[in-house]
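Residues per chain are reported as follows:
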Amino acid sequence: MFHNQRPAGQLLHRYTPARTKGVNAADLDGDGRIELVFSCEGAGAGSGRSGIMWLKYRNAPTDQAWEAHDIAGTKGIKYDLVELIDMDGDGNLDVLTTEEREINAVVWYENPAK
């Protein structure tokens, strides 16, 4: 379980991911800080879980509170690979991944943090 709390103990975000399969770290949104992008198996509409998400800290990587951002939604069941690469040459990182069960494809998410 991924559980973030504000320093005062107030719940900021609670997310129970499916089985995490892949992870990559880079400055996804161009703010000079490293974000984490991860993929999951066991996602999908029936579970209400996203197959691809990214996490961002506010002040420091040691913060208890990280913000979760959905990329893929509930489409797809088993995501694996997570590559962060500028696919279209626009200077922003894109997410390249694979989904192996529902849509069975290589998937490109253009600038998910922009």
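Structure: above.
A short tour of the structure in this document, coming up.

Cut-off values and rules
Residues numbered from 1 in each chain as written. Predicted model: local features only at pLDDT ≥ 70, side-chain atom pairs only at ≥ 80, totals over all residues. Heavy atoms only, no water. Helix = DSSP H or I, 4+ residues; strand = E, 2+ residues; numbered from the N terminus. Buried < 20%, exposed > 50% of the residue type's maximum accessible area, 1.4 Å probe, protein only. Polar contact = N/O pair within 3.5 Å; in protein donor to acceptor, adjacent residues only side chain to side chain. Contact = heavy atoms within 4.5 Å. Pairing = 2+ DSSP bridges. Axes fitted to C-alpha atoms, helices over the stretch in contact; angles between N-to-C directions. Salt bridge = Lys/Arg side-chain N within 4 Å of Asp/Glu carboxyl O.

Looking now at the side chain of Thr 97. Tracing the sequence through the fold places Thr 97 in strand β8 (residues 94–99). Of the residues examined, Thr 97 reaches a relative accessible area of 0% and is grouped as buried. For Thr 97, the side chain forms a polar contact with the main-chain oxygen of Leu 81, separated by 2.5 Å. Once you skip the residues sitting within four places of it in the chain, Thr 97 turns out to touch Ile 52, Tyr 79, Asp 80, Leu 81, Ala 105, Val 106, Val 107 and Tyr 109.

Attention shifts here to the sheet that holds strand β7 (residues 79–85). On the basis of which strands lie adjacent, the open sheet formed by three strands has the order β7-β8-β9 and antiparallel pairing. Here the strands that pair on one side only, and so sit at the sheet edges, are β7 and β9 (105–109). Strand-to-strand twist across the sheet, computed as the mean angle between neighbouring axes with direction ignored, equals 20 degrees. With five bridges connecting them, β8 and β9 associate as antiparallel partners. By the bridge assignment for β9, Thr 98 is matched with Val 106.

Turning our eyes to something else, we now look at the side chain of Asn 111. The topology assignment puts Asn 111 in the segment after β9. Among the residues examined, Asn 111 registers a relative accessible area of 11% and is labelled buried. Residues within four places of Asn 111 in sequence aside, it is in contact with Asp 90, Asn 92, Leu 93 and Asp 94.

A few words now on unusual backbone geometry. Positive phi is not limited to glycine here, since Asn 104 has a value of about 45 degrees. Of note, Asn 104 is situated in the loop between β8 and β9. The phi dihedral of Asn 111 falls on the positive side, at around 40 degrees, and the residue is not glycine.

A word on the environment of Lys 21. The residue Lys 21 is located in strand β3 (residues 19–26) in this model. Separated by 61 residues in sequence, Lys 21 and Val 82 place their C-alpha atoms 8.8 Å apart. Not counting the four nearest positions on each side in its chain, Lys 21 is found in contact with Ser 39, Cys 40, Glu 41, Lys 78, Tyr 79 and Asp 80. Separated by 3.4 Å, the side chains of Lys 21 and Glu 41 make a polar contact.

Under the defined criterion, the tally for this structure stands at ten salt bridges. Where Glu 102 meets Lys 75, a salt bridge forms, and the shortest distance between an N and an O atom there is 3.8 Å. Note that Glu 102 is positioned in the loop between β8 and β9 and Lys 75 in the loop between β6 (66–70) and β7, a separation of 27 residues in sequence. Looking at Glu 102, the relative accessible area reads 40%, which means it is partly exposed. We note a salt bridge from Glu 100 to Lys 78, for which the minimum N-O separation is 2.6 Å.

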